[in-house]
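Observations on chain architecture
The primary structure of each chain is shown beneath.
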Amino acid sequence: MIIAPSILTADLGNLGESCKSAIDAGLDRLHLDVMDGSFVPNLTFGPPFISMLRDVLGNDVLFDVHLMISNAENTFQQYIDAGCNHISVHFEAVNHLHRCITAIQESGATAGLALNPSTPIENALEVLPILDSVVVMSVNPGFGGQSFISSVENKIRRLRKAIDDQVSNGGKVVEIQIDGGVKSHNIRSLRDWGVDNCVVGSGLFNNTGTVEQNLAELRKALK
Ligand code: DX5
Ligand code: ZN
């Protein structure tokens, strides 16, 4: 199970240290939640901030950026230029999805499609053959620390079957990433449902323990 730490609930006043603690704890990536205050009711950070983070952390850390913005198809290149390796765009915010995905990949990044809790996975099926990942939102996007929406189980299982069918017919392997409300009490079930990659924010960055301690809890739950 890949764990992608979301820095949204990290100590923003000491972000370099928070990120370093996640990398030092053995994580190989950061999940960067970009929010524009329009597509979601929250505003976070953009390309300049990400460039700074890339300078601080060096080139070995994978930057998985989650674009919760209204104009992703016109601005994704700025995030690649800022050092992002994987770009996830929202189905609900992109007009020309096939064109956007192929353009991201032609720019040298991998491409993910994020689906809000109410968006059926069937909306991903036409582009599933070219996608690198599908992000199943298990919270309504915009904030960290929210409760897991357990009704996504059926959605994950359907998506798992669709990808397994695609692969068994010689098609592309597509990663299932789940995003929101993942904790040590539910992460094992998520693996059983067929999830490959879990975004974890407040389950790693919180006041109850260090990132290292929280990561150990998550890994213990997966044993
Ligand atoms: C929510 C973001 C998530 C969030 C996860 O819009 O996309 O990545 O930061 O945080 P937790 O794990 O606390 O739900
Ligand atoms: Zn996210």
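Everything below is about the structure printed above this text.
Figured I'd write up the structure that's included with this text. What you are looking at is a predicted structure, and each value in this text was computed from that prediction instead of being measured.

Thresholds, definitions, all that
Residues numbered from 1 in each chain as written. Chains lettered and ligands numbered in written order. Predicted model: local features only at pLDDT ≥ 70, side-chain atom pairs only at ≥ 80, totals over all residues. Heavy atoms only, no water. Near = heavy atom within 4 Å. Polar contact = N/O pair within 3.5 Å; in protein donor to acceptor, adjacent residues only side chain to side chain. Areas by Shrake-Rupley, 256 points an atom, 1.4 Å probe, with all protein chains shown as cover. Helix = DSSP H or I, 4+ residues; strand = E, 2+ residues; numbered from the N terminus. Nonpolar A, V, L, I, M, F, W, Y, C, P; charged D, E, K, R; others polar. Donors = N, O, S within 2.8 Å, 3.2 Å for Na, K, Ca; no water. Buried < 20%, exposed > 50% of the residue type's maximum accessible area, 1.4 Å probe, protein only. Arc of directions from axis to C-beta. Contact = heavy atoms within 4.5 Å.

This paragraph deals with the site of ligand 1. Taken together, 20 residues lie near ligand 1, and Gly142, Gly145, Asp179, Gly201 and Ser202 sit nearest. A distance of 3.1 Å separates an oxygen atom of ligand 1 from a polar side-chain atom of histidine 66. At 2.5 Å, a side-chain N or O of serine 202 approaches an oxygen atom of ligand 1. For ligand 1, the protein covers 100% of the area, taking 380 Å² as the surface of the free molecule. Elements represented by at least two residues in the shell around ligand 1 include exactly β2 (29–35), β3 (62–68) and β8 (197–200). Looking at which element gives the most residues to the shell around ligand 1, the answer is β2, with three residues. Classifying every residue of the shell around ligand 1 gives eight nonpolar, 10 polar and two charged.

Taken together, the protein ligands of the zinc ion (ligand 2) are His31 (NE2), Asp33 (OD), His66 (ND1) and Asp179 (OD), with distances of 2.1 to 2.3 Å. When the donor residues of the zinc ion (ligand 2) are listed from N- to C-terminus, their spacing reads H-x1-D-x32-H-x112-D. Taken together, the residues span a long stretch of sequence, with aspartate 33 in strand β2 and aspartate 179 in strand β7 (residues 175–179) at a distance of 146 residues. Take aspartate 33: its relative accessible area is 5%, and that puts it in the buried class.

An α-helix turns once per 3.6 residues; consequently, residues spaced three or four apart project the same way. Looking only at helix α7 (residues 211–221), the buried set comprises Val211, Asn214, Leu215, Leu218 and Ala221. All buried residues of α7 lie within an arc of 120° about the axis, which places them on one face of the element. Facing away from the buried side of α7, by more than 90 degrees, are the exposed residues Glu212 and Lys220. Contacts made by the buried residues of α7 are with β1 (2–5), α1 (15–24), α6 (187–193) and β8.

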